[in-house]
Amino acid sequence: QVQLVESGGGLVQAGGSLRLACAASRRMASTYVMGWFRQAPGKEREFVAKMRWNGSTPSYADSVRGRFTISRDNVKNTGYLQMNSLAPEDTAVYYCAAGPSYSSPTDSWGQGTQVTVSS
């Protein structure tokens with residue numbers, strides 16, 4: 001399994017931006033899938049975005065589409081989640097995950113990074 005480490009979380013005002021990073025311990029196959037999930041206090045973990053490591057088939061939750069962008073840097077073995085126009089309801093612990101299954105890319109998980117959006 002690949003090991004994942006997130007970074008980039010923090011406190012931001014509503015309307016602001018953050019970029020999360022997910023560093024992988026090894027190079028991932030082009031068809032491997034990277035996903036981002038989040039869990040707000042008192043709520044279940046939910047899907048945010050995913051894509052194949054070759055950059056194809058990006059997919060977003062309705063709640064973030066048009067505001068968040070998933071991407072990756074093959075040289076750095078790092079995935080990113082660019083988050084713009086943040087709102088208080090985006091406050092959560094964000095996790096990156098990876099796996100071979102596009103429908104459920106959850107074989108490996110990072111430790112999570114806190115994102116807090118103030119109003």
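A few points on the structure. Since the structure is predicted, the reported quantities are computational estimates derived from the model, not experimental observations.

1. Notes on the pattern of salt bridges
Here is step 1: Going through the model one piece at a time under the given rule, you end up with 4 salt bridges.
Here is step 2: One salt bridge in this structure joins R65 and D62, with 2.6 Å as the shortest N-O distance.
Here is step 3: The class for R65 is partly exposed, based on a relative accessible area of 47%.
Here is step 4: Classification of D62 by relative accessible area gives exposed; the value is 66%.
Here is step 5: For D90, the salt bridge goes to R67, with nearest N and O atoms at 2.8 Å. Taken together, the residues D90 in the loop between β8 (78-83) and β9 (92-99) and R67 in the loop between β6 (59-60) and β7 (68-73) connect sequence positions 23 residues apart. R67 carries the same exposure label as D90, and that label is buried.
Here is step 6: In this structure, a network of salt bridges that share partners links the residues R38, E46, R67 and D90.

2. Section: the sheet that holds β7
Here is step 1: Reading across from one edge, β1-β3-β8-β7 is the order of the 4 strands in this open sheet, with antiparallel pairing throughout. If you trace the sheet from one side to the other, it starts and ends with β1 (4-7) and β7, each paired once. This sheet shows a mean twist of 20 degrees between the axes of neighbouring strands, independent of strand direction.
Here is step 2: Where β1 lies against strand β3 (residues 18-24), 4 bridges are found, and the strand directions are antiparallel. By the bridge assignment for β3, V5 is matched with A23.

Cut-offs and rules
Residues numbered from 1 in each chain as written. Predicted model: local features only at pLDDT ≥ 70, side-chain atom pairs only at ≥ 80, totals over all residues. Heavy atoms only, no water. Salt bridge = Lys/Arg side-chain N within 4 Å of Asp/Glu carboxyl O. Buried < 20%, exposed > 50% of the residue type's maximum accessible area, 1.4 Å probe, protein only. Helix = DSSP H or I, 4+ residues; strand = E, 2+ residues; numbered from the N terminus. Pairing = 2+ DSSP bridges. Axes fitted to C-alpha atoms, helices over the stretch in contact; angles between N-to-C directions.

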